[in-house]
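Residue strings, one per chain:
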Number of protein chains: 2
Amino acid sequence: MKILIVEDEPKVASFLKQGLEEQSYEVTVVFDGYFAKKMAGENYYDVIILDVLIPYINGLEVAKQLRNEGIKTPILMLTALGSTDDKVVGLDAGADDYLVKPFEFKELLARLRALTKRFTDNMHEQRVIKLHDLELDLDRKVVRRGGKTIDLTAKEFGLLEYLLRNKNRVISRAEISEKVWDSSFDTSTNVIDVYINFLRKKIDKEFPTKIIHTMVGMGYIIKTED
Amino acid sequence: MKILIVEDEPKVASFLKQGLEEQSYEVTVVFDGYFAKKMAGENYYDVIILDVLIPYINGLEVAKQLRNEGIKTPILMLTALGSTDDKVVGLDAGADDYLVKPFEFKELLARLRALTKRFTDNMHEQRVIKLHDLELDLDRKVVRRGGKTIDLTAKEFGLLEYLLRNKNRVISRAEISEKVWDSSFDTSTNVIDVYINFLRKKIDKEFPTKIIHTMVGMGYIIKTED
DNA sequence: CTTCTACTATTAGTATTTTCATAATTTTTA
DNA sequence: TAAAAATTATGAAAATACTAATAGTAGAAG
């Protein structure tokens with residue numbers, strides 16, 4: 001998540017930068033309106049934190065001009081001026097939110113979350129379960145290992161997903177039968193064994209570190225260490 | 001522009017209603033969380049103004065539940081509690097903005113403008129969905145690929161739109177049935193398969209790179225790479 | 001009335017899942 | 001420790017499930 005901070009007071013700027021980086025945002029700081037426009041125009045940011053009182057071009061003007069250029073990055077306006085009129089002007093200039101200094105850092109964080117939420121909602125982050133060098137991609141329904149993409153059938157995928165969600169834990173055949181085949185366990189069949197075999201061929205065979213292990217008399221376990 | 005106001009204090013409610021109607025918003029007022037959920041679920045609103053302290057289900061819970069249901073209508077949270085923690089909780093519950101009572105009406109208006117702007121801006125930029133050399137034009141309801149304009153029927157278009165909005169993700173027939181046909185999945189029909197076939201004929205057949213892919217036993221996925 | 005759309009029915013072909021027989025391995029028993 | 005028993009692995013065949021493709025029908029739209 002990339003953030004552009006536009007703030008000329010060094011104290012505030014470094015305080016923000018540090019705090020946000022601790023939350024693992026990628027932070028860029030600029031000190032005046034001129035650079036703010038330039039950076040926002042040339043780079044992509046998830047949010048812009050924009051102080052109103054900055055050199056050259058003030059924050060309101062920066063917001064207005066960015067919007068005119070069609071840049072829709074959410075803007076959180078920051079200022080020492082707390083009157084309603086100031087807020088109204090700021091919001092109408094194109095800001096999406098407005099925060100009055102001094103503010104508590106956790107409120108800033110909450111407002112940032114609110115601003116970026118809509119964005120991340122749409123960009124549904126891809127759901128992936130990882131173990132060692134193996135990736136199970138729940139959206140694309142494929143597995144990747146060592147750079148290679150491996151196709152699995154529906155049952156194979158279902159079985160591997162269940163095992164991965166329960167990695168480092170021995171899973172009995174009865175449990176697998178119930179959760180993956182959703183039926184009570186039937187001793188007269190060895191489908192599970194067969195599918196374990198299928199999985200091994202596809203995801204373990206050509207790799208030195210095996211991840212599927214048999215626990216004789218107990219079931220199977222998925223893990224990396226031997 | 002339609003607004004839902006959720007506020008149980010009659011004075012505040014009627015003050016808001018009157019003021020907003022003067023600004024030519026269409027206003028609906030409900031007095032408790034139960035009705036709020038019901039109305040927001042069944043009707044379309046551009047913004048919801050949501051008081052925190054309301055009967056039955058409090059505002060925070062209403063916001064949370066609406067978001068869980070996938071309703072993304074901007075929410076402006078309203079409350080007498082002004083502490084930072086309250087704001088943080090409110091914003092994290094799913095609110096897009098937070099206003100502390102008492103507030104000036106023009107600040108409310110400004111924040112409403114900011115909230116609806118963001119929303120309507122998004123609407124306008126999403127008028128064309130692209131993937132590779134395929135364009136889905138939501139205004140003209142046509143598809144273009146390789147310079148050619150392809151006409152689709154309503155159902156074909158609806159299906160392709162849904163798939164494109166979920167590109168790079170395997171979509172099950174159940175999901176398609178629910179979202180495109182809005183009915184629960186019925187195994188006794190193969191409409192979906194047939195429509196996939198229609199789409200393939202129209203948008204994939206004469207092009208080397210296919211974008212509709214079958215994942216046997218799982219559903220369909222739209223993507224370019226093989 | 002004709003054309004178009006949404007859908008159903010059916011088929012053949014293919015991919016997947018399961019069963020089964022046998023081999024290999026591990027555990028138990030003597 | 002060696003043989004027997006139990007458990008698991010594997011390959012191939014059989015059964016089943018799934019999908020593509022096409023033709024046909026009812027009803028809406030023009």
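Anything mentioned here points back to the structure above.
Let me sum up the structure you'll find in this document. Sequence order sets the numbering: in each chain, residues are counted from 1 along the sequence as written. Note on labels: chains are lettered from A, ligands numbered from 1, in written order. Local features in this predicted model are restricted to residues whose pLDDT is 70 or higher, and side-chain atom pairs enter the listing and the counts only when it is 80 or higher, whereas totals over whole chains, interfaces and linings include all residues. Calculation of side-chain values draws on the structure's entire complement of heavy atoms; hydrogens and water are dropped beforehand.

### What about the protein's contact with DNA strand D?
Link 1 in the chain: Put simply, a residue is near a molecule or strand once any heavy atom of it comes within 4 Å of that molecule or strand. Lining the immediate surroundings of DNA strand D are 24 residues, of which Asn197, Arg200, Thr214 and Gly217 of chain A together with Arg200 of chain B lie closest.
Link 2 in the chain: Of all atoms in DNA strand D that approach within 4 Å of the protein, 78% are sugar or phosphate atoms.
Link 3 in the chain: Contacts described as polar in this section are N or O atom pairs within 3.5 Å, which, within protein, must combine one atom able to donate a hydrogen with one able to accept it, while residues neighboring in sequence count only if both atoms come from side chains. Between DNA strand D and the protein, one listed contact pairs a phosphate oxygen with a side-chain N or O atom of Tyr220 of chain B at 2.8 Å.
Link 4 in the chain: The set of elements that each furnish at least two residues to the surface near DNA strand D consists of α8 (191-204) and β10 (212-215) of chain A together with α8 (191-204) and β10 (212-215) of chain B.
Link 5 in the chain: Throughout, the ten residues Ala, Val, Leu, Ile, Met, Phe, Trp, Tyr, Cys and Pro are labelled nonpolar, Asp, Glu, Lys and Arg are labelled charged, and all others, Gly among them, are labelled polar. Counted by class, the surface near DNA strand D contains eight nonpolar, eight polar and eight charged residues. Helix and strand definitions follow DSSP, with helices as H or I runs of at least four residues and strands as E runs of at least two, each counted in order from the N terminus.

### Section: the environment of Thr73 of chain B
Residue and element names in this part refer to chain B.
Link 1 in the chain: Relative to the elements of secondary structure, Thr73 occurs in the loop between α3 (59-68) and β4 (75-79).
Link 2 in the chain: When its relative accessible area of 14% is taken as the criterion, Thr73 is described as buried.
Link 3 in the chain: Sequence separation between Thr73 and Lys101 is 28 residues, and the spatial gap between their C-alpha atoms is 22 Å.
Link 4 in the chain: We call two residues in contact when some of their heavy atoms are within 4.5 Å. Leaving out residues up to four positions away in the same chain, Thr73 has contacts with Tyr45, Asp46, Val47, Ile48, Arg67 and Asp96. Note on classification: 1.4 Å probe, protein chains only; a residue is buried when its accessible area is under 20% of the maximum for its type, exposed when over 50%, partly exposed between these limits.

### Structural notes on helix α6 (residues 154-165) of chain B
Link 1 in the chain: Relative to the 16 Å expected for 12 residues at 1.5 Å per residue, α6 of chain B spans 16 Å between its end C-alpha atoms, a close match to the ideal helical length.
Link 2 in the chain: Of the positions making up α6 of chain B, those classed as buried are Glu156, Phe157, Leu159, Leu160, Glu161, Tyr162, Leu163 and Leu164 of chain B. A helix is expected to span 1.5 Å for every residue after the first.

### Notes on the protein's contact with DNA strand C
Link 1 in the chain: Taken together, 22 residues are adjacent to DNA strand C, and Thr153, Trp181 and Thr189 of chain A together with Thr153 and Thr189 of chain B come closest.
Link 2 in the chain: Here, DNA strand C places atoms within 4 Å of the protein, and 69% of those atoms are sugar or phosphate.
Link 3 in the chain: Thr189 of chain A is positioned such that a nitrogen or oxygen atom in its side chain is 2.5 Å from a phosphate oxygen of DNA strand C.
Link 4 in the chain: Take Thr153 of chain B: an N or O atom from its side chain is 2.4 Å from a phosphate oxygen of DNA strand C.

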